Amino acid sequence: MQECIFCKIVKKEIPAEIIYEDDNVLAFKDIQPAAPIHLLFIPKKHIPTFFDLQPEDDKIMGEVQRAAAVVAGDLGLAERGFRLVANCMKDAGQLVFHLHYHFLAGRELQWPPG
Ligand code: 5GP
Ligand code: ZN
């Protein structure tokens, strides 16, 4: 997946402000923040969308979500909380086809989203 921007961030071929990293998970600051804290949590494995998930990815995706909770705790958000949201395909506005969760925090977020 030479052309995938998030795979390039995983391989450190392009820079990103990395907030969390382990064997299977990477979290970094979104380049265009939509909230005071806007991170992206991704599996290091290239998975384009939720539709591409395989049963063997269940563990990795659990790790991605749990990493978000760990980082939230480290950032002092245990009380205020955060939003984890993933865009899947066109109607949701997915632009990068490497599965990712947006981690949004630091202000009161509106619901429903636009
Ligand atoms: P999507 O619309 O696919 O859910 O969100 C893609 C997100 O990736 C956007 O919020 C966008 O700002 C972010 N993004 C796109 N390219 C880069 C990049 O090169 N570096 C970082 N840190 N974020 C990026
Ligand atoms: Zn990728």
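No experiment lies behind these values; they were computed from the predicted model shown. (Residues numbered from 1 in each chain as written. Chains lettered and ligands numbered in written order. Predicted model: local features only at pLDDT ≥ 70, side-chain atom pairs only at ≥ 80, totals over all residues. Heavy atoms only, no water.)

Q: Residues and numbers for the pattern of salt bridges, please.
A: What the rule picks out here adds up to 6 salt bridges. Residues Glu 63 and Lys 59 are paired through a salt bridge, measuring 2.6 Å at the closest nitrogen-oxygen approach. Of the two residues, Glu 63 and Lys 59 both sit in helix α2 (residues 58-74), 4 residues apart, roughly one turn of that helix. Within the structure, one salt-bridge network assembled from shared partners comprises Lys 12, Glu 21 and Lys 44. (Salt bridge = Lys/Arg side-chain N within 4 Å of Asp/Glu carboxyl O. Helix = DSSP H or I, 4+ residues; strand = E, 2+ residues; numbered from the N terminus.)

Q: Run through the site of ligand 1, naming residues and quoting values.
A: Residues in close proximity to ligand 1 total 16 residues, the closest being Lys 29, Asp 30, Leu 95, His 100 and His 102. The contact in question runs from an oxygen atom of ligand 1 to an N or O atom on the side chain of His 102, over 2.8 Å. With the chains in place, 84% of the 530 Å² that ligand 1 exposes on its own is no longer accessible. At the level of secondary structure, the elements contributing two or more residues to the shell around ligand 1 comprise α1 (5-10) and β2 (25-29). Considering each element in turn, the shell around ligand 1 owes the most residues, 3 residues, to α1. Along the lines of polarity and charge, the residues of the shell around ligand 1 split into 8 nonpolar, 6 polar and 2 charged. (Near = heavy atom within 4 Å. Polar contact = N/O pair within 3.5 Å; in protein donor to acceptor, adjacent residues only side chain to side chain. Areas by Shrake-Rupley, 256 points an atom, 1.4 Å probe, with all protein chains shown as cover. Nonpolar A, V, L, I, M, F, W, Y, C, P; charged D, E, K, R; others polar.)

That's the geometry; what it means functionally is another story.
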